[in-house]
Structures are given as structure tokens and as C-alpha cells.
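Residue-level structural notes
Chain by chain, the residues:
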Amino acid sequence: MRSLAVLVITLVAAGLAGCAESDGSPGAPASTVPSGRTFVSTSVEGTDIPGGGPLTLDFTEKDRVSVHAGCNRGSADVDFADGTMTTGPIAMTLMACPGELSGADAWVTEFLEQSPSWQLDAENLVLRNDTATITLTDRKALDPDRPITGTAWTVTSLLSPDAVSTSAALERSAAQLTIGDDGAVTGNAGCNRISGKADVHSDTIVFGPLTTTRMACPEDVTEVERAVLHVMDGEVRVSVDSDTMRLSKADGYGLELTAR
């Protein structure tokens, strides 16, 4: 029995040692890597980001990183083994950027090509190489998700199965939506006022029939209203990321809204 007790104590101690392993060390468990999160730079020691950044690293897609340092957006495969953040070739968009920002893409590409070491605590990701040390903070800590209810949301994009679009009419109409804690819906669809009820769940909203005023509106604004009211009818999937809410219907149409 004594031998069995010693064995159990040894196994428990080994397990605790494994749990205490520092982030970024070889063999770090998958739960300690920054996958599924987005980080924004809050300090740079060494060579600064041209144009001032910030650098955003988005790890929400499995085994991929999306990169933005103020100019173009890039993406690449990513691996966190052996205490380094190693990326594959970074595919960048090709937009021309003014002034110092024109050097941001080369800066971030060169930094990541050196496979910086990484360390992660609860909210901060620290990357180091020979030229710079970058501290990035979880975007949700810097800019928490807004609550669905009690927030005034303004429609900023229309979603279709093929595209995310905006227009002068959409910007001019500034369709708005607020869902009260009691489920009361108020706002406007771009021209006419709306009211009604909605049942809010963790990842869905079920809009009851909404009533609208009947004011005559310009044709381009009327088209915006039709799109908005089509989405706010029945069940939609809902997700919130910082100050942006997305409503998506099963037919592929939806709305992106920004907290105001």
C-alpha cells in the first residue's frame, strides 16, 4: 500500500508540474496558445511600427493568423511549437498606403519571418525577436463585447450570400435598432420608425412581427428598409465582436451593426 501511495503522489506532482509549465515552452498544451483570440499591440520596444500601427493579430481561424499593421491585411499558416511563433508565407492585399504607413507591411512581414518567441498570460501576448519586443493585449479586454440588449445599434453593412455591402443610401438612412431588457424593439428601418418585440437568446434572436410607420421615403432608402426589415423578421443568428453585432438569416442575408 505504501508503494501505491508513493506512486499516486508522484503522478499528482507530475501533473501539477505539467500544469505549471510556462506558456510558449516546448510542449505547451493547446489550451495555452492564443488560438481563437485576437490581439492588438499596446507597446513596442525596439524598431517601431511604421505609421504607428497598431499591429493586430487575429488567430480566430484554426492554425491561421490574420495580420494588420495599419496598411494591408495579410494571412498565413501559424504554428506555436517549441516556444516560437512560426508562420508560412504571408499573403498580403495590395493596397497603396500613404506616408510612413507604406512601410508597415514590410515591417510586420520581416518581424514574423524571424519566428519570434512568444509568451502568453491571461490577457497579454508578448512576441520577441532580435529587433523588437511587442506586447499585444486581447482585444476583448481592450474593447469588451457590447451587450445585445440596451445598446443602440446602427446598421453599417448589408449582407447577402455573396457580399458585404454599404452605400450612400445606407449611410444616409442610418437605420437603428435597440432591444430593451424586456425585449421591446425600437428604432428605425432607415426612414420609418419600427416597434415590436424580440426574444434574445445566447446565439439567436427571434423577432416578432414589427410594426412600422408609413411615411413615404426616397426609393434608394426604401430599398435599404426592405433589406433591414427582411432580416428583422423571425429567427436570426446573432454574434457580437467588440462594438459590432452581426445578424444572419438562414437564407444568407443579414446585417452588420455598430454600437453608437
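Let us look at the structure shown here. These numbers come from a predicted model, not from an experiment.

**Things to note about the pairing of strand S13 (residues 184-188)**
Direction of pairing for strand S12 (residues 176-179) relative to S13: antiparallel, over a ladder of four bridges. Opposite Leu177, over in S13, you have Gly187 as the bridge partner. Hairpin geometry of S12 and S13 is characterised by an intervening segment of four residues between the two adjacent antiparallel strands and by a positive phi of about 90° at Gly183. Examined bridge by bridge, S13 and strand S14 (residues 193-200) share five bridges and lie antiparallel to one another. Pairing of Ala184 across the sheet is with Lys197, part of S14.

**Describing the state of the cysteines**
Taken as a whole, this structure holds two disulfides when the rule is applied. What connects to what in the chain, once the bonded cysteines are numbered by sequence position, is 1-2, 3-4.

**Focus: the pattern of salt bridges**
One pass over the full model with this rule turns up 11 salt bridges. Where Asp145 meets Lys140, a salt bridge forms, and the shortest distance between an N and an O atom there is 3.0 Å. Classification of Asp145 as partly exposed rests on a relative accessible area of 34%. For Lys140, a relative accessible area of 43% puts it in the partly exposed group. A salt bridge links Arg226 to Glu219, with the nearest nitrogen and oxygen atoms 3.6 Å apart. The exposure class of Glu219 is partly exposed, given its relative accessible area of 48%. Connected through shared salt-bridge partners, Arg139, Lys140, Asp145 and Asp241 make up one network.

Rules used throughout
- Residues numbered from 1 in each chain as written.
- Predicted model: local features only at pLDDT ≥ 70, side-chain atom pairs only at ≥ 80, totals over all residues.
- Heavy atoms only, no water.
- Pairing = 2+ DSSP bridges.
- Helix = DSSP H or I, 4+ residues; strand = E, 2+ residues; numbered from the N terminus.
- Disulfide = S-S within 2.5 Å.
- Salt bridge = Lys/Arg side-chain N within 4 Å of Asp/Glu carboxyl O.
- Buried < 20%, exposed > 50% of the residue type's maximum accessible area, 1.4 Å probe, protein only.

Fair warning: the whole summary comes from geometry, so function is off the table for now.
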